Amino acid sequence: PLQGANGPHTYLGDSSLVSCDLIDPYPTIAQWNPTVAEAVEICSSLPSCGGFLYTTADAAVAQGGANLALAEYCRPQSFSSGTASATSSIGFPRYIYESCDLEIK
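What you are looking at is a predicted structure, and each value in this text was computed from that prediction instead of being measured.

Draft legend 1. Highlighting unusual backbone geometry. Note the cis peptide between Asp24 and Pro25, where omega equals 5 degrees. In this fold, Pro25 is placed in the loop between strand 2 (17-19) and helix 1 (36-45). Backbone geometry at Asn33 places phi at a positive 55 degrees, although glycine is not the residue there. Mapped onto the elements of the fold, Asn33 is located in the loop between strand 2 and helix 1.

Draft legend 2. Quick peek at the state of the cysteines. Inspection of every chain in the model, using the stated rule, returns two disulfides. The side chain of Cys20 participates in a disulfide bridge whose partner is Cys74; the two sulfur atoms lie 2.0 Å from each other. Between Cys20 and Cys74, the S-S torsion sits near -70 degrees, and that sign places the bridge as left-handed. On the criterion of sequence distance, the pair formed by Cys20 in the loop between strand 2 and helix 1 and Cys74 in strand 4 (residues 70-74) is long-range, its members being 54 residues apart. Using a relative accessible area of 0% as the deciding quantity, one classes Cys74 as buried.

The rules behind each value
- Residues numbered from 1 in each chain as written.
- Predicted model: local features only at pLDDT ≥ 70, side-chain atom pairs only at ≥ 80, totals over all residues.
- Heavy atoms only, no water.
- Helix = DSSP H or I, 4+ residues; strand = E, 2+ residues; numbered from the N terminus.
- Disulfide = S-S within 2.5 Å.
- Buried < 20%, exposed > 50% of the residue type's maximum accessible area, 1.4 Å probe, protein only.

Dropping the structure here:
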């Protein structure tokens, strides 16, 4: 269509973004070993989600946890930079585009 929704939600993984402030109140979302695509879908459905931290199963094991991936949902513009390591999460900030300068015909 020539006009659509408010635009796409874009998530760009950045290993230097290792922490954030979690959404408050935190949503009650049951996720078991989520993929990045599943975390993107959940975050896109939450108006207050500014992105997420994704911890791979390998990083969770290196932290002493279970062999399961984890997604934690962040407040907008709350990511903090740090040094990436085998145990750190990967930040996926959410970018929302309200308009587009292209028209499809």
